[in-house]
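In case you want the letters, here they are:
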Amino acid sequence: RGGGGSLVDPGEYTVTLTANGKSESHKVTVEDDPRIQLSSEDRAKKRTAIDTLVSLTRDAEAPRRRAVAMTTALTNLQSSWTQANAAPVPDAVKKAVEDLAAKVKTAAAYFEAAGGGGRGGGGGSAGPRGEFTPPPVTQKIQRLMGLIDGFSGPPTTRQLADMDDAAAELKKGTAAVDAVWDEVPKLNKLMSDAGVAYFRVDLNAVPAAPAGGRGGGN
């Protein structure tokens, strides 16, 4: 155990490996890195912080998937209307789709970075910097996971405060996604009543979020 250490308490454990229908168990001994002095109280604080961040990561996955799926569905829908053989779409339907797409973009920003950049403008350009765009809450959670897990001491007061902020932001983002999610059936009904084929939001097509840090979200 090096670096930030492990959250497994020192002691003897039984590890079981299973492959091709066969299992084999062995006992292993976990010992503290002698270079690291971490009290039981500090170890408990670190464990609690990591457990909380793992829980936040899991809680963020469902709204993230919804946001990405809605973004994809609405983008594909609007793109289909520009095809050469596309049927005409009433202006009222186009306006409703544009309005919902704008709301989804705002809600999705809590969970996915737009354009992959933290600031507007091209990276490394000589022009003026664009407006600062806060990173998504998922990125904040993974950053905290890496900082706390990679440090040999307990979480700092600042890190604990950042965790509280991330939890509050996640709650706000989840509510924003849930609100636009509830508008999808209403939009589909509007489209159906206007004789326009409704669209589908496919959650299963959304890839899982990449794990960040050391074991973040696993």
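A brief structural summary. Keep in mind that what you see is a predicted model, and the values were worked out from it rather than measured.

Examining the overall build of the protein chain
Thinking step 1. Helix and strand content of the protein chain: five helices and two strands.
Thinking step 2. Of the regular secondary structure in the protein chain, the N- to C-terminal order runs β-β-α-α-α-α-α.
Thinking step 3. Carbon and sulfur atoms make up 53% of the accessible area of the protein chain, which amounts to about 13,700 Å² in all.

Re the nonpolar core
Thinking step 1. Ranked by size, the top nonpolar core spans 37 residues in total, and within it Leu-53, Val-97, Leu-187, Met-191 and Phe-199 carry the most contacts.
Thinking step 2. When residues of this core are traced back to their parent elements, those giving at least two are helix H1 (40–80), helix H2 (91–108), helix H3 (137–149), helix H4 (157–181) and helix H5 (184–193).
Thinking step 3. Among the elements that line this core, the one with the most residues is H1, at eleven residues.
Thinking step 4. Setting aside residues up to four positions removed in sequence, Val-97 forms contacts with Leu-74, Leu-77, Gln-78, Trp-81, Leu-187 and Met-191.

Notes on unusual backbone geometry
Thinking step 1. At Asn-20, a position not held by glycine, the phi torsion is positive, near 55°.
Thinking step 2. For Asn-20, a relative accessible area of 82% gives the class exposed.

Quick notes on the packing of H1 against H3
Thinking step 1. Contact geometry of H1 with H3 gives a least axis separation of 10 Å together with a crossing angle of 155°. The orientation of H1 with respect to H3, classified from their angle, is roughly antiparallel. With respect to the hand of their crossing, H1 and H3 are arranged in left-handed fashion. Here H1 contributes Lys-46, Ala-49, Ile-50, Leu-53, Val-54, Leu-56, Thr-57 and Ala-60 to the contact with H3, which in turn contributes Thr-138, Ile-141, Gln-142, Leu-144, Met-145, Ile-148 and Asp-149.

Observations regarding the pattern of salt bridges
Thinking step 1. Applying the stated criterion to the full structure yields eleven salt bridges.
Thinking step 2. Glu-183 serves as the salt-bridge partner of Lys-103, at 3.2 Å between the closest nitrogen and oxygen. Separated by 80 residues along the polypeptide, Lys-103 in helix H2 and Glu-183 in the loop between H4 and H5 bring together distant segments of the chain.
Thinking step 3. Judged by its relative accessible area of 39%, Lys-103 falls in the partly exposed class.

A word on H5
Thinking step 1. Buried residues of H5: Val-184, Leu-187, Asn-188 and Met-191, and no others. For H5, the buried positions fall inside an angular range of 100° around the axis, keeping them on one side. What points out from H5, more than 90 degrees from its buried face, is the exposed set Pro-185, Lys-186, Lys-189 and Asp-193.
Thinking step 2. Those residues of H5 that are buried are in contact with H1, H2 and H4.
Thinking step 3. Gly-195 sits one or two positions beyond H5 and adopts a positive phi of about 80°.

Digging into the environment of Arg-64
Thinking step 1. By the secondary structure assignment, Arg-64 is in helix H1.
Thinking step 2. Apart from the residues lying within four places of it in its own chain, the contact partners of Arg-64 are Phe-111, Glu-112, Val-206, Pro-207, Ala-208 and Ala-209.
Thinking step 3. Of note is the side chain of Arg-64, whose polar atom sits 3.2 Å from the side chain of Glu-112.

Scoring rules and cut-offs
Residues numbered from 1 in each chain as written. Predicted model: local features only at pLDDT ≥ 70, side-chain atom pairs only at ≥ 80, totals over all residues. Heavy atoms only, no water. Helix = DSSP H or I, 4+ residues; strand = E, 2+ residues; numbered from the N terminus. Areas by Shrake-Rupley, 256 points an atom, 1.4 Å probe, with all protein chains shown as cover. Core = buried A, V, L, I, M, F, W, Y, C linked by side-chain atoms within 4.5 Å. Buried < 20%, exposed > 50% of the residue type's maximum accessible area, 1.4 Å probe, protein only. Contact = heavy atoms within 4.5 Å. Axes fitted to C-alpha atoms, helices over the stretch in contact; angles between N-to-C directions. Parallel < 35°, antiparallel > 145°, perpendicular 65-115°, else oblique. Left-handed = near helix turned anticlockwise from the far one by under 90°. Salt bridge = Lys/Arg side-chain N within 4 Å of Asp/Glu carboxyl O. Arc of directions from axis to C-beta. Polar contact = N/O pair within 3.5 Å; in protein donor to acceptor, adjacent residues only side chain to side chain.

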